[in-house]
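Examination of the molecular architecture
For reference, the chains in residue letters:
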2 protein chains.
Amino acid sequence: MSAQQKLVPISYRRVRLTHGFWADKQRINREITLPAILHHSQSTGRIDAFKLEYTATNSRPRPHYFWDSDVYKWLEAAAFALGNSHDAELEAKVDHIVDLIAKAQQPDGYLNIYFTCVEPDKRWSNLRDWHELYCAGHLFEAAAALAEATGKRTLLNIACRFADLIDTVFGREPEKKRGYPGHEEIELALIKLYRATGNSRYRELARYFIDERGQQPHYFDLEIKTHGFLPGWHYLNGHESNQSHLPVRQQTQAVGHAVRAMYLYSGMADVAAETSDPELLVACERIWENMVERRMYVTGGIGSTQRSEGFTRDYDLPNRLAYAETCAAVGVVFWAHRMLQFEGNSRYADILETSLYNGAISGVSSDGRRFFYVNPLESDGTHHRQDWFDCACCPANIARLLASLGGYLYSSAEQTLYIHLFAESNASVEINGFSIDFVLQTDYPWSGQIDITIDPDREAEWTLALRKPGWCEQALLRVNDQVIDSLPLLRNGYVHLARCWRRGDRVSWSLEMPVQHLQAHPRVGNNAGRIALRRGPLVYCLEQTDNGPLLHEILIDAASQWTIENDMELNARVLMGESWRENSPDSKRLYPPALAAEYRRIRVRAIPYFAWDNRMAGEMVVWIRKMLSAND
Amino acid sequence: MSAQQKLVPISYRRVRLTHGFWADKQRINREITLPAILHHSQSTGRIDAFKLEYTATNSRPRPHYFWDSDVYKWLEAAAFALGNSHDAELEAKVDHIVDLIAKAQQPDGYLNIYFTCVEPDKRWSNLRDWHELYCAGHLFEAAAALAEATGKRTLLNIACRFADLIDTVFGREPEKKRGYPGHEEIELALIKLYRATGNSRYRELARYFIDERGQQPHYFDLEIKTHGFLPGWHYLNGHESNQSHLPVRQQTQAVGHAVRAMYLYSGMADVAAETSDPELLVACERIWENMVERRMYVTGGIGSTQRSEGFTRDYDLPNRLAYAETCAAVGVVFWAHRMLQFEGNSRYADILETSLYNGAISGVSSDGRRFFYVNPLESDGTHHRQDWFDCACCPANIARLLASLGGYLYSSAEQTLYIHLFAESNASVEINGFSIDFVLQTDYPWSGQIDITIDPDREAEWTLALRKPGWCEQALLRVNDQVIDSLPLLRNGYVHLARCWRRGDRVSWSLEMPVQHLQAHPRVGNNAGRIALRRGPLVYCLEQTDNGPLLHEILIDAASQWTIENDMELNARVLMGESWRENSPDSKRLYPPALAAEYRRIRVRAIPYFAWDNRMAGEMVVWIRKMLSAND
């Protein structure tokens, strides 16, 4: 059994988002979000910190040990933007920062602002809680992206020098530290560095970090003893917090800090693919199953508690106190994308799409200027987007995802072109040595109509694998206006259309997109008697600005009919339906006697979850109470 | 305007709990809980730590900076037990520990194990986060209790020497530190010390600590700078965490760590009373109103989040993620008892009773051996009582409350005997120079029938003020079998029965005690469409062991009829009623399409909230879904 990835993602550089939902998001990302993040990075001192001018006595801002990563992630996002389209001004800014980074690198290759300026004697002394290896990983990712986008290898060389140093420090050889990062990231980044350079030492170092994790004697126990604490001491939930409670191959559940988990599992998938390691892949699949069937919000968000920013227990999915960090949903997209390439199984694409369209892009406002770190499924009106965060991981994470989104749509396999996501785009693909251009037109996610025009450089037989989303019950396939029964062609959630394709062939894929009422597993107690609205890949919510306060007085009927309207302000389709409102008693008392409730008919208006908190501040709810009707 | 307390609590030493609910609890507390706490205190090294033998190099357990307080609280509880009944064995144990404490006191009067053995150079250096003054307060409380119960003044003298030292260290004089404790407690304790000794310097020191709190420049800002952090830095929510965000007279809301808050507000009420300070009392009333109408669970628990162990926002009262620390509910009882003495207004007694019968005594198991630190209103089956906690504040807190419970039942005023709580007891009271013995017989809280036989030493006119609980809608008053219309006599929630009382006069107070369905204010979103069951002062809950798993599938009808049964195992009355169970779909999926629900009639069994998790482990729910019936 092997664990090779049969699919290869089509690079974002070969895909142009031309129009519509994602092209709009990508444009705002480039024009507004990237400059905004750079502005905040500059004004907080993150960029200039690379000048290493901080001392304990001067007035420069004291660097934090994760500041480097914020800048690297911006650089990576900027690299993708440059890969999408030329921008001399942006490239000059990138070059300037790369120049600063180059000067900040120490003679031995070491690179971290904090541990160079503030606590130089603490290098590698607290892998569990500090973020040196995490920052290094983001450097590697940025370097690989920049080399691919611009051909410039300055940052890649910096990254390799640092990676080479790390390779001399960590490993199983007796003279090396047998450690691994408390915050994963470097594992998947080393694989990118390996792919960018072909240097297999980076792959082996990634494999080492993956496999050393959780071994006994436990590195973090030994390390914490040197800081004067008892082995096993942790401010949170022990070794599960950073997924080091067990060797990764023995792990069965999604645990601990959710972002760390996603980066680890992504790295595991990468190493499984690059080393054809089925055991590692099986571990990924087991953890995946646990996550998506027991520990994920309907929005594709993950992380049920602020305390550990992470997973808790099966079916523990509180709505208002959800953590569902933007970075974690972005991390789900990363991991799902990797899992999808093994077999082309659409269950990974379904989750990828859910997290992307809901819990991830909810992280940035519609104008691209404000961000959510935490993405709850309910708000009493006190949760709002912010311009920036002291811990600023999320803005650049969503920015790099949006800038590289073209790379998530398609894959090629030996004889097959896979279409995973539906976004209006042109793409150019090579399969088996011949080249296929194609144009995809759609108003997705607002409409389920997808039209593809194929333009191969020669007539040839190959397979178009068209995803049938998990949310879709009815779909109609036409090739050159001829209806084709897609059911027999469905395998792993994709319609496999094998034929001899000719220039100008047209495929029409019509996905019925009704409003769906979802319920939660009965063990998710807080969602008992509640439903969530979904249309296509989008989860909807109610906002106070549309529906008045006390959204919990609103009940939706199983029989509710919905109409779809266009909201110009939100640039979104919204749902209008009949529902009920429970009359509240006038009592100001906290716990008055229960009165017989009265209900009146009202109109309710639901908007896509990702679009909430873009207008007047107020309550929001995803899980809406369900009216129990007589025939129910 | 003055703020004197018109009422004086009748000491627990003049009240004997003879039989029934509280006598049982008190007996278990004395026979099981007090020895258990002592055992754990010994086995963890807390007692022997007073020998000051710990060094960094030997193998003795490293003391924690709040260990002292655990021992003092046990001593206080033991003192109350001795005050209730002679127990030579217990007294010998107490004497032994007092002896250890005496030897641990430093020549200058200082007394704290941690800052004597572990970090002697850190005395008073971090008032915000460490607990020196908090521990001192518990010493003072124990000392006052022990002197009252046994007449032995050794611990009182130790306490006074330490208080005298503290008085030289803290204050507004230029040579003193202008600090105050991060964890309040010493304020109310200094008032106890003042009352035990008559030394007004202790009262003035309490007043100083109360009034200095939150003044600018902010002491904790100055202090944290000396530790190398920025002013205002706090690991949680800034100065609100310890109620120092504003001078206390300007505070309007119950904020921050809930136990700290209760101890502060109790101290404020004490200082208001002892210094006739109406402004301070008004501040207490304002904060009280905010707490009970917006920030309290139906169980009388407080603290909506584990993060700060404290208050959050108005109407933010999640059930499963409630913190509702046992100590905090005990603190509500303390504060309410103080507020009650000002005017004899039963709104304070109502909350006292609610917190006592639900959120406080839920903190100890029915066998007295196991404890809750956190008292959620819902559990998925993973929350359980424990034998002990590293941070062991709760066991001794509930123990000292139970041991002194007799002191909460009655008060005297100039011409009035107040009956606040109903517990089978004998008491002996002095009013206006004459003495009244009386016997109260009741099966409360299981029954609302209360019978009082008065035995004054002479015939005289005075007033019996009998509380009509807030939960009670119908009550029947009889004096010597003659029905009396109590409505015109009702003032501040007490029936004021003024007459010439004779030996053998009998008062019968019959409180109707139906099962009540409560709802929550509509802004408590998680309780929308749910009801809580209350009978008398007791809130009820459903447990899995009685009702099967998936308690959220159970719906209660507005029209549900309840019968009351005796449960021998729980030693409690339980509620039996008709309800509905929603059939769950078989799907294992996390978010399947919503199906039409089906309901079947079931019998449901509810037990008192305080009694949960005493049998087989499983789910628990207080807020039960409400069936929406056609006529509803």
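Since the model is a prediction, treat every value here as computed from it, not as a measurement. (Residues numbered from 1 in each chain as written. Chains lettered and ligands numbered in written order. Predicted model: local features only at pLDDT ≥ 70, side-chain atom pairs only at ≥ 80, totals over all residues. Heavy atoms only, no water.)

As a further point, take the packing of helix 12 (residues 326–343) of chain A against helix 13 (residues 346–360) of chain A. Residues and elements named next belong to chain A. One way to put it is that helix 12 packs onto helix 13 with a least axis distance of 8 Å and a crossing angle of 160°. With respect to each other, helix 12 and helix 13 are oriented roughly antiparallel. Relative to helix 13, the crossing made by helix 12 is left-handed. Contacts from Thr 326, Ala 329, Val 330, Val 332, Val 333, Ala 336, His 337, Met 339 and Leu 340 of helix 12 reach helix 13 at Tyr 348, Ala 349, Ile 351, Leu 352, Ser 355, Leu 356, Gly 359 and Ala 360. Classifying every residue of the contact of helix 12 with helix 13 gives 13 nonpolar, 4 polar and no charged. (Axes fitted to C-alpha atoms, helices over the stretch in contact; angles between N-to-C directions. Helix = DSSP H or I, 4+ residues; strand = E, 2+ residues; numbered from the N terminus. Parallel < 35°, antiparallel > 145°, perpendicular 65-115°, else oblique. Left-handed = near helix turned anticlockwise from the far one by under 90°. Contact = heavy atoms within 4.5 Å. Nonpolar A, V, L, I, M, F, W, Y, C, P; charged D, E, K, R; others polar.)

With that settled, the discussion passes to the sheet that holds strand 6 (residues 425–431) of chain B. Residues and elements named next belong to chain B. One open sheet holds the 7 strands; their spatial order is 2-6-7-8-14-10-11, and the pairing between them is antiparallel. Looking at the sheet topology across the chains shown, the edges are occupied by strand 2 (15–17) and strand 11 (482–484). Strand-to-strand twist in this sheet, taken as the mean axis angle between neighbours without regard to direction, amounts to 20°. Direction of pairing for strand 6 relative to strand 7 (residues 434–442): antiparallel, over a ladder of 7 bridges. Bridging across to strand 7, Ala 427 finds its partner in Phe 438. (Pairing = 2+ DSSP bridges.)

Counted by the stated rule, this structure contains 104 salt bridges over all chains. A salt bridge links Asp546(A) to Arg615(A), with the shortest nitrogen-to-oxygen separation between them at 2.6 Å. A residue pair is termed long-range when its members are at least 10 positions apart, and Asp546(A) in helix 15 (residues 544–547) and Arg615(A) in the loop between strand 21 (599–608) and strand 22 (620–621) qualify at 69 residues. Judged by its relative accessible area of 22%, Asp546(A) is partly exposed. Glu141(B) serves as the salt-bridge partner of Arg400(B), at 3.0 Å between the closest nitrogen and oxygen. Here the residue Arg400(B) occupies a position in helix 14 (residues 393–403), and Glu141(B) occupies one in helix 5 (residues 132–150), the gap between them amounting to 259 residues. Overall, Arg400(B) belongs to the buried group, its relative accessible area being 2%. Since its relative accessible area comes to 3%, Glu141(B) is described here as buried. Among the charged side chains, a salt-bridge network with shared partners connects Glu543(A), Asp546(A), Asp567(A), Arg605(A) and Arg615(A). (Salt bridge = Lys/Arg side-chain N within 4 Å of Asp/Glu carboxyl O. Buried < 20%, exposed > 50% of the residue type's maximum accessible area, 1.4 Å probe, protein only.)

When the parts come together, some accessible area is lost, and that loss is often what is quoted as the size of the interface. Residue and element names in this part refer to chain A. By the assigned domains, chain A splits into domain 1 (27–408), domain 2 (412–511) and domain 3 (515–627). For domain 2 versus domain 3, the separation of C-alpha centres amounts to 36 Å. Each side of the interface is counted separately: domain 2 has 6 residues, and domain 3 has 12 residues. Roughly 730 Å² of surface becomes buried between domain 2 and domain 3 when both sides are summed, with 59% attributable to carbon and sulfur atoms. Per-residue buried area on domain 2 facing domain 3 is highest for Pro 445, Trp 446 and Trp 471; these three make up 86% of the total on that side. (Domains from an automatic or database assignment. Buried area = accessible area lost by both parts, 1.4 Å probe.)

Once that is clear, we can look at the relation of the copies chain A and chain B. Once chain A has been moved 0.1 Å along the axis and rotated by 180°, it coincides with chain B to within an RMSD of 0.0 Å. Both chain copies can therefore be described as sitting about a two-fold axis. Comparing contact sets, 98% of the residues at the interface of chain A also lie at the interface in chain B, consistent with an isologous, same-surface contact. (Least-squares fit on C-alpha atoms with pLDDT ≥ 70 in both.)

What follows covers the sheet that holds strand 11 (residues 482–484) of chain A. All names here are of chain A. Spatially, the 7 strands line up as an open sheet ordered 2-6-7-8-14-10-11, and their pairing is antiparallel. For this open sheet the edge positions go to strand 2 (15–17) and strand 11, each flanked by a neighbour on one side alone. Strand after strand, the sheet turns through a mean of 20° between neighbouring axes, direction not considered. Strand direction decides the pairing type here: strand 7 (residues 434–442) and strand 8 (residues 449–456), joined by 7 bridges, are antiparallel. Residue pairing across strands places Leu 440 opposite Ile 452, the latter belonging to strand 8.

Bringing the interface of chain A and chain B into the picture now. Between chain A and chain B, the contact holds 57 residues from the first and 56 residues from the second. Of the roughly 4600 Å² buried at the junction of chain A and chain B (both faces included), carbon and sulfur atoms supply 53%. Interface area lost by chain A to chain B is led by Gln519(A), Leu590(A) and Tyr591(A), which between them contribute 18%. Between the two partners, chain A and chain B, sit 4 salt bridges. Across the pair Arg313(B) and Asp380(A) runs a salt bridge whose closest N-O atoms are separated by 3.0 Å. The tally of links from chain A across to chain B stands at 24 residue pairs in polar contact (both at pLDDT 80 or more). Elements supplying a minimum of two residues to the side of chain A that touches chain B: helix 11 (278–294), strand 15 (515–518), strand 16 (530–535) and strand 23 (624–626) of chain A. In terms of residues, the side of chain A that touches chain B owes the most to one element, helix 11 of chain A, which gives 3 residues. (Polar contact = N/O pair within 3.5 Å; in protein donor to acceptor, adjacent residues only side chain to side chain.)

Our next topic: the packing of aromatic side chains. All names here are of chain A. Evaluated as defined, the whole model comprises 72 aromatic pairs over all chains. Pairing Phe 21 with Trp 446 gives two aromatic rings, centres 5.7 Å apart and planes at 70°, and the pair type is edge-to-face. Of this pair, Phe 21 sits in helix 1 (residues 21–43) while Trp 446 sits in the loop between strand 7 and strand 8, placing them 425 residues apart in sequence. There is no split in this pair, since Phe 21 and Trp 446 are both buried. Here a set of aromatic residues connected by ring pairs shows up, and it is made of Phe 21, Trp 22, Tyr 357, Phe 422, Tyr 444, Trp 446, Trp 471 and Phe 610. (Phe/Tyr/Trp six-rings, centres within 6.5 Å; stacked < 30°, edge-to-face > 60°.)

With 97% of its residues at a pLDDT of at least 70, chain A reaches an overall mean of 95. Both confidence scores are given for the complex: pTM 0.93, ipTM 0.93. (pLDDT = per-residue confidence, 0-100.)

Our next topic: helix 7 (residues 186–197) of chain B. Residues and elements named next belong to chain B. The terminal C-alpha atoms of helix 7, which comprises 12 residues, lie 16 Å apart, in line with the 16 Å expected from a rise of 1.5 Å per residue. Among the residues of helix 7, Ile 186, Glu 187, Leu 188, Ala 189, Leu 190, Ile 191, Leu 193 and Tyr 194 are the ones counted as buried. Those residues of helix 7 that are buried lie in contact with helix 5, helix 6 (154–169), helix 8 (200–212), helix 10 (258–275) and helix 12 (326–343). Phi for Gly 198, located one or two positions after helix 7, is positive at around 75°. (Expected span 1.5 Å × (residues − 1).)

All names here are of chain B. Looking at where Leu 190 falls in the secondary structure, it is placed in helix 7. Using a relative accessible area of 0% as the deciding quantity, one classes Leu 190 as buried. Spatially, the C-alpha atoms of Leu 190 and Cys 160 are 9.6 Å apart, while their sequence positions differ by 30 residues. Ignoring anything within four residues of it in the chain, the contact list for Leu 190 reads Phe 140, Ala 163, Tyr 202, Leu 205, Ala 206 and Phe 209.

All names here are of chain A. For the pair helix 7 (residues 186–197) and helix 8 (residues 200–212), interaxial distance at closest approach is 7 Å and the crossing angle is 165°. Judged by the angle between their axes, helix 7 and helix 8 are roughly antiparallel. Relative to helix 8, the crossing made by helix 7 is left-handed. Judged by residue contacts, Ile 186, Glu 187, Leu 190, Ile 191, Leu 193, Tyr 194 and Thr 197 of helix 7 engage Ser 200, Tyr 202, Arg 203, Leu 205, Ala 206, Phe 209 and Ile 210 from helix 8. When the residues that make up the contact of helix 7 with helix 8 are grouped by side-chain class, the tally is 10 nonpolar, 2 polar and 2 charged.

All names here are of chain A. Each neighbour pair has its own omega, and for Gln 216 with Pro 217 the value is -5°, a cis peptide bond. Take Pro 217: it is sitting in the loop between helix 8 and helix 9 (219–226). Residue Pro 445 is reached from Tyr 444 by a cis peptide bond, and omega for that bond is 5°. The phi angle at Asn 571 is positive, at roughly 55°, despite the residue not being glycine.

We now examine helix 10 of chain B. Residue and element names in this part refer to chain B. Compared with an ideal rise of 1.5 Å per residue, which puts 18 residues at 26 Å, helix 10 spans 25 Å between its outermost C-alpha atoms and is within 8% of the ideal. Of all 18 residues in helix 10, 17 are buried; the element is thus mostly enclosed. Looking one or two places after helix 10, you find Ser 276, whose phi comes out positive at around 45°.

A word on the nonpolar core. Phe140(B), Ile166(B) and Met291(B) are the most contacted members of the largest nonpolar core, which totals 229 residues. Once residues lying within four places of it in the same chain are set aside, the contact partners of Met291(B) are Ala254(B), Met262(B), Met296(B), Ile302(B), Phe311(B), Val332(B) and Trp335(B). (Core = buried A, V, L, I, M, F, W, Y, C linked by side-chain atoms within 4.5 Å.)

Turning to the side chain of Thr33(B), a few remarks are in order. Residue and element names in this part refer to chain B. Within the fold, Thr 33 resides in helix 1 (residues 21–43). At a separation of 2.8 Å, a polar atom in the side chain of Thr 33 contacts the main-chain carbonyl oxygen of Gly 368. In this structure, Thr 33 is in contact with Ile 28, Val 364, Gly 368, Phe 371 and Ala 399, ignoring residues within four places of it in sequence.

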